[in-house]
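Observations on the three-dimensional arrangement
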Amino acid sequence: MSKELVTRAEDYSKWYNELVVKADLADHSAVRGCMVIKPYGYGIWENMQKHLDKMFKDTGHVNAYFPLLIPKSFFSKEASHVEGFAKECAVVTHYRLKNDEKGGIIVDEDAKLEEELIIRPTSETIIWNTYKSWIQSYRDLPLLVNQWANVVRWEMRTRLFLRTAEFLWQEGHTAHATAKEAVEETEKMLEVYANFTEEFLAIPVIRGVKTANERFAGALETYCIEALMQDGKALQCGTSHFLGQNFAKAFDVKFATKEGPLEYVWATSWGVSTRLMGALIMAHSDDNGLVLPPKIASTQVVIVPIYKGEEGLKKVSEVALDLVSKLKAKDISVKYDDRDNQRPGWKFAKYELKGIPVRVTLGERDLANGTIEVARRDNLSKETISVNGADNYIEILLNDIQNNLFNKALRRTSESTHVADSYDEFKKILSEKGGFVSAHWDGTTETEEKIKEETKATIRCIPLNNKSEEGKCIYSGKPSKQRVLFALAY
RNA sequence: CGGGGUGUAGCGUAGCCCGGUAUCGCGCCUGCUUUGGGAGCAGGAGGUCGUCAGUUCGAAUCUGGCCACCCCGACCA
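The structure presented is a predicted model; accordingly, all values stated were derived computationally and were not measured. (Residues numbered from 1 in each chain as written. Chains lettered and ligands numbered in written order. Predicted model: local features only at pLDDT ≥ 70, side-chain atom pairs only at ≥ 80, totals over all residues. Heavy atoms only, no water.)

Sheet strands associate in pairs through backbone hydrogen bonding, adopting either a parallel or an antiparallel arrangement. One open sheet holds the 11 strands; their spatial order is β3-β9-β10-β16-β13-β12-β11-β24-β27-β23-β22, and the pairing between them is mixed. Of all the strands in the sheet, just β3 (62–63) and β22 (417–419) have a single pairing partner and so form its edges. With 2 bridges joining them, strand β11 (residues 206–209) and strand β24 (residues 458–463) adopt antiparallel strand pairing. If you follow Gly208 over to β24, its bridge partner there is Pro463. Along the sheet, helix α8 (residues 275–284) contacts β13 (234–244) and β16 (266–273); its crossing angle with β13, the most-contacted strand, is approximately 145 degrees. (Pairing = 2+ DSSP bridges. Helix = DSSP H or I, 4+ residues; strand = E, 2+ residues; numbered from the N terminus. Contact = heavy atoms within 4.5 Å. Axes fitted to C-alpha atoms, helices over the stretch in contact; angles between N-to-C directions.)

If you check the domain split of chain A, you get domain 1 (12–68 + 130–284), domain 2 (301–400) and domain 3 (417–487). Measuring from the centre of the C-alpha atoms in domain 1 to the corresponding centre in domain 2 gives 38 Å. (Domains from an automatic or database assignment.)

Moving on, we come to the packing of aromatic side chains. Applying the stated criterion across every chain, the model contains 18 aromatic pairs. Clustering of aromatic rings is evident, with ring pairs tying together Trp45, Phe56, Trp148, Tyr193 and Trp270. Taking the ring centre of Tyr40 as reference, the NZ or CZ of Lys354 above it sits at 4.5 Å. The lysine or arginine in question, Arg359, covers the ring of Phe348, its NZ or CZ lying 3.9 Å from the ring centre. (Phe/Tyr/Trp six-rings, centres within 6.5 Å; stacked < 30°, edge-to-face > 60°. Lys NZ or Arg CZ within 6 Å of the ring centre and 35° of its normal.)

We now examine helix α12 (residues 390–415). Between its first and last C-alpha, α12 extends 36 Å over 26 residues, near the 38 Å set by a 1.5 Å rise per residue. Restricting attention to buried positions, one finds in α12 the residues Ala390, Asp391, Ile394, Leu397, Leu398, Ile401, Gln402, Leu405, Phe406, Ala409, Arg412 and Thr413. (Expected span 1.5 Å × (residues − 1). Buried < 20%, exposed > 50% of the residue type's maximum accessible area, 1.4 Å probe, protein only.)

A word on the nonpolar core. Leu25, Met48, Phe161, Phe196, Phe426 and Phe486 are the most contacted members of the largest nonpolar core, which has 74 residues in total. Setting aside anything within four residues of it in sequence, one finds Phe486 in contact with Phe426, Gly435, Phe436, Val437, Ala439, Trp441, Ile451, Thr458, Ile459 and Arg460. With 28 residues, the next largest nonpolar core counts Cys89, Ile126, Tyr131 and Ala217 among its residues. (Core = buried A, V, L, I, M, F, W, Y, C linked by side-chain atoms within 4.5 Å.)

Let us look at the pairing of strand β27 (residues 483–487). The side chains of a regular strand alternate, residue by residue, between the two faces of the sheet. Across the 5 residues of β27, 5 count as buried, placing the element largely inside the fold. Pairing of strand β23 (residues 436–440) with β27, which is carried by 4 bridges, proceeds in the antiparallel orientation. For His440, the partnering residue across the bridge sits in β27 and is Arg483. Here β24 pairs with β27 via 3 bridges, running antiparallel. The residue bridging Thr458 from the neighbouring strand is Ala487, located in β27.

Moving on, we come to the packing of helix α2 (residues 39–58) against helix α6 (residues 179–199). Across the interface, α2 lies against α6 with an axial gap of 11 Å and an inter-helix angle of 145 degrees. Where α2 crosses over α6, the two elements pack in a sense that is right-handed. Contact residues: Met48, His51, Leu52, Met55 and Phe56 in α2; Met189, Val192, Tyr193, Asn195 and Phe196 in α6. The class makeup of the residues in the contact of α2 with α6 is 8 nonpolar, 2 polar and no charged. (Left-handed = near helix turned anticlockwise from the far one by under 90°. Nonpolar A, V, L, I, M, F, W, Y, C, P; charged D, E, K, R; others polar.)

Pairing between side chains of opposite charge can happen when the charged atoms of each approach one another. Applying the stated criterion across every chain yields a total of 33 salt bridges. As a salt-bridge pair, Arg163 and Glu155 come within 4.0 Å of each other at their nearest N and O atoms. Judged by relative accessible area, which is 32%, Arg163 ranks as partly exposed. The exposure class assigned to Glu155 is partly exposed, which follows from its relative accessible area of 21%. For Arg207, the salt bridge goes to Glu198, with nearest N and O atoms at 3.5 Å. A cluster of three or more residues bridged by salt bridges with shared partners is formed by Asp24, Asp27, Lys38 and Lys354. (Salt bridge = Lys/Arg side-chain N within 4 Å of Asp/Glu carboxyl O.)

Where nonpolar side chains cluster on the molecular surface, the patch consists of Tyr65, Leu68 and Leu69 and spans about 270 Å² of accessible area. With respect to the element layout, Tyr65 can be found in the loop between β3 and β4 (69–71). Look at Tyr65 and you get exposed, because its relative accessible area is 52%. (Patch = residues over 30% accessible without salt bridge, like charges linked within 9 Å, V, L, I, M, F, W, Y side chains within 5 Å. Areas by Shrake-Rupley, 256 points an atom, 1.4 Å probe, with all protein chains shown as cover.)

And the structure:
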């Protein structure tokens, strides 16, 4: 039925690329690696922001905004941080252009900056430089700040939403009096992310910690949530870092304790980005197009009228608009599409492509029977129900769709999680099935790197609350106390 | 950033090898008929052929630089 898309089975990657563009979520821009997020896609991002922002506020955080441009010297203050980001920083070197002889525009060499500026790839340095002046005593702590911003990382290979040179995100940066409290914050925010992703995006996630090798540049511990996409590849959906005193020391941020002496503060940072859009798309959508969970869809219900002539439309609209106002009263977002330049069949296909969770069809035949037709996007089923009480029915249906999508994704994830006890078995699972592979690992970076070289699989995380289990590393045969999750990843 | 591919109207394409200002479909505009799964007929508009330079009397076509996108690697949320 899909006239628009290649199927997932034919070419998963192409399916994703086409879907993003054809469902009107985003476009490539004129600038390499950068995207234009279109209104339909941005509406979904706004919903994500709205819910996350509330969750941040509910856990005591406040929003602020720090500058896009960061003095280059700030970067060199935390050694591993520079090392991690140096290779992908865009640098501002001049502050003025001028006309050349040919009528073109060139950089004015006389306007060279004394100190070059970096376009933020993340804001730890500028924020910790600022926190130095905000924090003097234990009474200033904890400091719980979040910012919604754009960042730039000069990526070699980009894909819409999954990896773009510029992306939107939020970054939380907190300061605490004790290591214990900072670790608790790190874990709390990971849980916020996990709850958000599961409840609103209907994507089940594995909560875990990263290996030393995969850790954020400058962190002592990186926590993450990992989700499995339909093609069996893993996608990191959010990270939360315990930064220890690394940034406090680099930027000399100390506080007077209750007892008097000065101590360095403890830090965390945590973020999710527009990459979540990629996760959302890949987790639920099918060969007909996007499938959106009702809780995150910008339009939850669309009503398509079917009629003959102007008089017909008027009669149908009367009933349709009544339903619209009833749904709105229940805080359900609904669109009545009475455009007469497109026919119903065209609209059906379009809204399927765009993933609207529920479609209501209302024709003159229904008027006579007092019914409407309700179609759900998640399983493409349709039924005819009485127009009386339709608003209640739809409210329940939206909930049902939300749950169904989560359960479907949960089932897929658990069915795609396999246990391997030997390297041969490990490789076989990766090449034949994909998904998460739970296996013993000796804990060394060398082994992790070797496995990555040979299979392209990386350790996605060491799951939290992992049960300890004696075993042998699938690669080196050395003793191991727990299994970790491997996967091919985005 | 290395290897391979692509770029012609809003979208998808023919033409390119063998130089002579561009084909078809969808979409768009107007009108009429239609409307329960991507409507039909009639008429119409829309292109400096990615971009810049070169070769030539003449370039979508040949040559080179650049830009963007896709695939495969190295790097990464």
